[in-house]
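Chain by chain, the residues:
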Amino acid sequence: MTTTAPAPPRETSLDWVKKNLFRNWWSGLISVILLPLSLYLAYRALRFLFVTGQWDAVRVNLTLFMQGTFSRDEQWRLISQIMIFALAFGIGLGTNSAASHDRAQDAGLDVERGTIAGTLARMWSLVAFIGLLLFFATTDDMGNLINPFLFVGGGLVMGAVGYQARRLPRRFRNVGWLLTMTFLVIGFQIVSGFDAGGWVPLGIIFGVSAYSIAPVDRFEASWLRGALRFAAALIVVLAIRAVYAAVDTPGIGWDDWSGLHLTLMVSAIAIVLAFPLGLLLALARRSTLPALRIMATAYIEVIRGVPLITLLFMGQFILGFVVPQDVTLSAITRAIAVMTFFSAAYIAEIVRGGLQALPKGQTEAGQALGLAPPPIMRRIVLPQALTAVIPAMVGQFISLFKDSSLLSIIAVLEFLGVRKIIHAQEAFRGVGIAETLVFVAIGYWAFAFAMSRESQRLERRLRVSR
Amino acid sequence: MTNEQNQNVYSDATQAKGEAVIELVDVDKFFGDFQALADINMNVGLQEVIVVIGPSGSGKSTLIRCINRLEKHDRGRITVDGIELSDDIKNIQEIRRETGMVFQSFNLFPHLTVIDNITLAPRQVRHEAKNDAEDNAMALLERVGIPEQARKFPGQLSGGQQQRVAIARSLAMRPKVMLFDEPTSALDPEMIKEVLDVMVELAEGGMTMIVVTHEMGFARAVADRVVFMADGYIVEVGTPEHFFTNPQEDRTKLFLSQIL
């Protein structure tokens, strides 16, 4: 017969206070000093927010903060873009999470399945940011609220909707990434326009998938299968090209972007471009070919040794060396290029760290099985190395997102730069300077914090098997 | 024992019975100035089980790692199934496809499930269809006695189970030769037997094997020949009975007195 020990007595709130605030004399002293101090600071913060703060500078200019000087008549493009992007990310995350959830479940591991409520709780900083926008909306100025609300709230809702893709039956999940890529391209082109020449990205995406899923398995001859695959891809590409030629509607280039929209877009584009570039640089730095290795190392060390702000200023001249003279690049194009090249160097070092940390036995096991170097890299090394560096990688993405505020000094009007216009307005000259700064700070924090939370979750999920 | 008899034991054992699958001729290997393998001459016949023993640092692991080119030998010739090992990557991969290897630390891929671990190489290298590869993987898991673990991740398995998965993973490529690099050294004592049982079954099924191990019981029971190495040299080769009951060299006697 087994006897169970009596359950420990329940902890009262007094016990909690004793244990956590007054454990010994010095922790008691610290508590006595810090408690009133933090209460006082909270009081001052709330007082600033609700009583003394002159929030009109923010309140009146919410739309300006969101989309800057972008044409008001065309703002539907921006709002649709944000929503479509959010949908794309939602689908990507949703299908991915469902796939790994199933795998974990098959393995008998206990994992929680994501819910919308969970997503919103994870993204609480964004929800709080929306709350702040609502707080600023006064009853006499609802029109001013609609744009920013759609901007952030619409994005959040569409993201949650896309996340429902996790409910798709297993065999349809493979289309998850296809949908994600498609929506990303469409979302981009809703602003930049569906020109006849804009077929390339979708053409590549669908061409590649047609090539890989073409049902040719029943044919024996490999040349025939190859030819049929190629034909399928070609038909799809030509069809997409024809659709674009038929639509051929111009849009607005990215030179007119500004405000929070610009900040988000430039960061996102730079992240998406810098990641593969950084990966290639990391691999090149570990290459056995000396020329490749030396070039990659030199690039990484030079970029890492120069401040971003210097590079941004130099962007004009440096890019002038590599692009033909008659091509003029807008400030935003240059900014995106510089941010991409800058981040790629850091990402390369992060990836290299992950590659080095992987035990040698993993590669050897792959070699011993007769795998060629590319599949060893793709199937064995990179999945593990990249998982290991997710926190550092997201940290780099967050710092890239925040560093985009530096663009305001090269005459690109991003989220922080919008303040310049606001305080040039008659009513707000020298008024509400602290308030607009605080608002911008909260905006940056809301997005950065959401990214950080999502990365923690991603990390937990990918490590579920370890 | 007379000199003549000695000679017989010796010459009997140095040569493989029948057709040689692996042949090493005058192989030397250096790590910097340190000579890891010295003047290695050895051959392994079809369906033969060779057990390599020796003190640590004697070059046993290096020897079998040279056979599938995880280490590059500096001098001499290594031939596997008629293919001579050269620097050509195609040639190396061809040899690696013919030789399975089981590591001391398992080296399973932790991010893949057991079945994905096993099917990865057949699908990538032999371009097997997914269903065929998985059917074969399940058959192999049956053979090593853990079909119920197919959908689990390596981290969820015991050491013995992991090593059995590693054996199944190597067998999935249908190798002609299996190389075992101290397969039971990282295992808790109670799990050693389950792995050795699989290896015994494999040997009885006619697999050609080179096994680096400290399991003398396994050597005695299964080995066709025992190779004793020290300081990079092959000191002595013999059938298990001669080797354990009547070793010729002083170095061998010393080693056996230390471990038995």
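Conventions used here
- Residues numbered from 1 in each chain as written.
- Chains lettered and ligands numbered in written order.
- Predicted model: local features only at pLDDT ≥ 70, side-chain atom pairs only at ≥ 80, totals over all residues.
- Heavy atoms only, no water.
- Axes fitted to C-alpha atoms, helices over the stretch in contact; angles between N-to-C directions.
- Helix = DSSP H or I, 4+ residues; strand = E, 2+ residues; numbered from the N terminus.
- Parallel < 35°, antiparallel > 145°, perpendicular 65-115°, else oblique.
- Left-handed = near helix turned anticlockwise from the far one by under 90°.
- Contact = heavy atoms within 4.5 Å.
- Nonpolar A, V, L, I, M, F, W, Y, C, P; charged D, E, K, R; others polar.
- Domains from an automatic or database assignment.
- Buried area = accessible area lost by both parts, 1.4 Å probe.
- Salt bridge = Lys/Arg side-chain N within 4 Å of Asp/Glu carboxyl O.
- Polar contact = N/O pair within 3.5 Å; in protein donor to acceptor, adjacent residues only side chain to side chain.
- Buried < 20%, exposed > 50% of the residue type's maximum accessible area, 1.4 Å probe, protein only.

Topic: the packing of helix H12 (residues 259-285) of chain A against helix H18 (residues 390-403) of chain A
Residues and elements named next belong to chain A.
Move 1: Two elements in contact, H12 and H18, have axes separated by 9 Å at closest approach and are oriented at 140°. What the angle tells us is that H12 and H18 run oblique. As H12 runs across H18, the sense of the crossing is right-handed. Here H12 contributes Thr263, Leu264, Ser267, Ala270, Ile271 and Phe275 to the contact with H18, which in turn contributes Met393, Phe397, Leu400 and Phe401.
Move 2: Tallied by class, the residues present in the contact of H12 with H18 amount to eight nonpolar, two polar and no charged.

A closer look at the domain arrangement of chain A
Move 1: Here chain A is partitioned into domain 1 (24-52) and domain 2 (253-466).
Move 2: Centre-to-centre separation of domain 1 of chain A and domain 2 of chain A, based on C-alpha positions: 38 Å.

Considering the interface of chain A and chain B
Move 1: With 26 residues of chain A in contact, the opposing surface of chain B contributes 27 residues.
Move 2: Summing both partners gives a buried area of about 2300 Å² for chain A against chain B, and 62% of it is carried by carbon and sulfur.
Move 3: Linking chain A to chain B there are one salt bridge.
Move 4: Between B:Arg65 and A:Glu364 there is a salt bridge; the shortest N-O distance is 2.6 Å.
Move 5: Summed over the shared surface of chain A and chain B, the result is six residue pairs in polar contact (both at pLDDT 80 or more).
Move 6: Among the secondary structure elements, those contributing two or more residues to the side of chain A that touches chain B are helix H5 (75-106), helix H16 (360-368) and helix H17 (373-388) of chain A.
Move 7: Tallied by class, the residues present in the side of chain A that touches chain B amount to 11 nonpolar, eight polar and seven charged.

A closer look at the environment of A:Leu49
All names here are of chain A.
Move 1: Assignment of secondary structure puts Leu49 in helix H2 (residues 25-52).
Move 2: Given the relative accessible area of 22%, Leu49 is considered partly exposed.
Move 3: Expressed as a C-alpha distance, the spacing of Leu49 and Trp26, which sit 23 residues apart in the sequence, is 34 Å.
Move 4: Not counting chain neighbours up to four residues away, the residues in contact with Leu49 comprise Trp55, Leu132 and Phe135.

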